[in-house]
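One-letter residues, chain by chain:
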There are 2 protein chains.
Amino acid sequence: MRRCIKCKTPTGIFIPHHKLSLCKEHYVEWYQQRVETTIRKFRMFTRDDRILVAVSGGKDSLALWHALVSLGYEADGFIIDLGFGQFSEDSIHVSQKLASSLGRPLHVMDLNKEFYSINEIKKKDRRPICSICGTVKRYFINLYAKKLGYQVVATGHNLDDEVAVLLVNTLSWNVEYLRRQYPVLKEGNGFVRKIKPLCKTTEMENRTYVEVNEIEFVEYKCPYSKGATSIEYKKFIEDLENTSPGTKLRFYSEFLRKVYPLLQKGVEDQGVKPCKVCGEPTSGEVCAVCLIKQKMSG
Amino acid sequence: MRRCIKCKTPTGIFIPHHKLSLCKEHYVEWYQQRVETTIRKFRMFTRDDRILVAVSGGKDSLALWHALVSLGYEADGFIIDLGFGQFSEDSIHVSQKLASSLGRPLHVMDLNKEFYSINEIKKKDRRPICSICGTVKRYFINLYAKKLGYQVVATGHNLDDEVAVLLVNTLSWNVEYLRRQYPVLKEGNGFVRKIKPLCKTTEMENRTYVEVNEIEFVEYKCPYSKGATSIEYKKFIEDLENTSPGTKLRFYSEFLRKVYPLLQKGVEDQGVKPCKVCGEPTSGEVCAVCLIKQKMSG
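Because the structure is a prediction, the values reported are computed rather than measured.

Definitions and limits used
- Residues numbered from 1 in each chain as written.
- Chains lettered and ligands numbered in written order.
- Predicted model: local features only at pLDDT ≥ 70, side-chain atom pairs only at ≥ 80, totals over all residues.
- Helix = DSSP H or I, 4+ residues; strand = E, 2+ residues; numbered from the N terminus.
- Contact = placed C-beta atoms within 7 Å.
- Pairing = 2+ DSSP bridges.
- Axes fitted to C-alpha atoms, helices over the stretch in contact; angles between N-to-C directions.
- Core = buried A, V, L, I, M, F, W, Y, C linked by C-beta atoms within 7 Å.
- Buried ≥ 20, exposed ≤ 12 C-beta atoms within 10 Å, placed from the backbone.
- Domains from an automatic or database assignment.
- Expected span 1.5 Å × (residues − 1).
- UniProt positions renumbered as here; feature names shortened; annotations may be inferred.
- Nonpolar A, V, L, I, M, F, W, Y, C, P; charged D, E, K, R; others polar.

Now for the overall build of chain A. Within chain A, the secondary structure is distributed over 12 helices and 10 strands. Counting only C-alpha atoms, chain A reaches 65 × 45 × 40 Å along its principal axes. Taking contacts inside chain A between residues at least 6 apart in sequence as the whole, the part at least 24 apart equals 66%.

And the structure:
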């Protein structure tokens, strides 16, 4: 039986790439400290900022919210009711449970009431449903953060997410995307600041955190995510990680340290301007959400 | 049955990532043209340069030699007799056969006679045998090229080789290695120019080329190469290539086009100077081969 390196209590919790055995109590401490270190390293925010955590009901975003509040930050929740039946009901239910236990508000936006349901949009829009959903969520999260007076939006993207995206963008050397792959996207031009405080914690670490803290979360995936696209990438990375623990963290961290700065040189403003219809930021004339509105009424 | 896109002859030769069906004759023409394009694109050499092809007896280096001579370049062969029993005998035999058929000289260096056999060195040197062999080969190829009056050394590294190395260096973001991963290493400081004219042709394309031209080659691997290290990488890349043909070529070409130039900025001279013992170029005081000599006599 492994023992906690701090208090020698027998424990089943072990993090291979950090070679760490920790009891439940010290795991929570370690995890939160790791999130705090990430926040400071990337200067994500200070104690003066009001933070809106974009929660989905999954383990990552709930772990994030719990950790931020435990660390003493002023962090509230935001969830969009996507109207995906049981999935959305369960997602909102577990998020509300965490809100109560943290004593912080959860803002719920009803997409069907305030816009259109994703299913309705899908009937008139040929793009993959995940692409539509992503566009809509990004728009309304940013809009609501501003309306509600939050300076920063935090999302639960974990190391595995970041590594998979990094690998895809690297294999195609998509420099435009690579130069934006950073855990902080600065505010400005109508955007609030967006941050990923879990960018250096793995999916497994987040799972352990919610389990240890007995935080209820939605275990199953969104019914529309088939998740076929990145299976090869994730499998390859997992195999490498199992062979030599730390590969994932190194790939991501060294990118940020050595290559990301090289990609920033000579980059011009992306030409973001207010949408002609709603005034929200867009790179075109009319923003993606207003284009959907036009399709729906057309 | 597929048909050659040039002459409509039925053919079994198909190159998925170029979506090309070609008969034997037009395949040879296409392959040689591709090598020629690569030589020109990277300004590898001109018709005034004398080229030494480092051959191993394998399909890649023999395909290269055959193609260069067929394209009208003054290209001769060089092989090191490593003293690996049947493997070395077969390698030299097939290389000599090609030399005769091309009507070009093959220089053979007997490593056991002129230095030490790899097996002897291995007894006193703890490094992996492939690492020792690589060091020794690089030294003597460069030395002999200069002695024999060749300006350029060409090696048979293919796209699959380059992609595997690129992936390994990318996953660890080894910027020092990445900024040297180019199909031309310039001459200077005691080094002749080194080039890889097959950097954009796959192993399969080289195999097809030697088969179509009925060039005999050593099919089996060096008895000391276990080849375990990069299996996961090669398997992953093959899977991706099969799912979306062209992934390999894109990964490599786009790296050269977009990222390699970024890595060159602010790079200083690598501080190469003559070895204190033999005068050949080295980054230390004494070169790797003279260090081996010292170990052997010590």
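Bringing the sheet that holds strand β3 (residues 51-54) of chain A into the picture now. Residue and element names in this part refer to chain A. Reading across the sheet, the six strands line up as β5-β4-β3-β6-β8-β7 and stay open at both edges, with mixed pairing between neighbours. In the strand order of this sheet, the two ends are held by β5 (106-110) and β7 (184-185), each with one partner. Relative to β5, strand β4 (residues 75-81) runs parallel, the two being bridged by five bridges. Bridge assignment links D81 to a residue of β5, and that residue is D110. Packing against the sheet, helix α2 (residues 59-70) makes contact with β3, β4 and β6 (152-154), and its axis sits at approximately 155° to β3. Across the sheet, helix α3 (residues 85-102) is in contact with β4 and β5; its angle to β4 comes to roughly 165°.

Attention shifts here to the nonpolar core. Core analysis: the largest hydrophobic core is formed by 138 residues, its most contacted members being I51, V53, L68 and A154 of chain A together with I51, V53 and L68 of chain B. The two domains that each donate at least three residues to this core are domain 1 (24-267) and domain 2 (272-298) of chain B. Once you skip the residues sitting within four places of it in the chain, V53 of chain B turns out to touch S61, L64, W65, L68, A75, D76, G77, F78 and A154 of chain B.

Attention now moves to helix α1 (residues 24-41) of chain A. All names here are of chain A. Helix length check: α1, at 18 residues, gives a terminal C-alpha distance of 25 Å against a target of 26 Å (1.5 Å per residue), a fit within 8%. Taken residue by residue, α1 has Y27, W30, Y31, V35 and I39 as its buried positions. Against α2 and α9 (203-212) lie the buried residues of α1. At the exit of α1 stands R43, carrying a positive phi of roughly 45°.

A separate point is the UniProt feature "binding site: Zn(2+) 2" (unreviewed entry) in chain A. Residue and element names in this part refer to chain A. Sites flagged by UniProt as "binding site: Zn(2+) 2" (unreviewed entry) map to C275, C278, C287 and C290. Across 16 residues of sequence, these annotated residues stay compact in space, with a maximum C-alpha separation of 8.3 Å. When you line up the elements, C275 lands in the loop between β9 (273-274) and β10 (281-282). Residue classification places C275 among the buried positions, given that 20 C-beta atoms sit within 10 Å. Beyond its immediate stretch of four places on either side in the chain, C275 contacts E280, T282, V286, C287 and C290. Relative to the elements of secondary structure, C287 occurs in the loop between β10 and α12 (288-297). Apart from the residues lying within four places of it in its own chain, the contact partners of C287 are C275, C278, E280 and T282.

Across the boundary between the two partners, chain A contributes 18 residues, which contact 18 residues of chain B. When contributions to the side of chain A that touches chain B are tallied by element, the ones reaching two or more residues are α7 (159-171), α10 (231-243) and α11 (247-263) of chain A. Element by element, the count of residues in the side of chain A that touches chain B is highest for α11 of chain A, at eight residues. Along the lines of polarity and charge, the residues of the side of chain A that touches chain B split into nine nonpolar, four polar and five charged.

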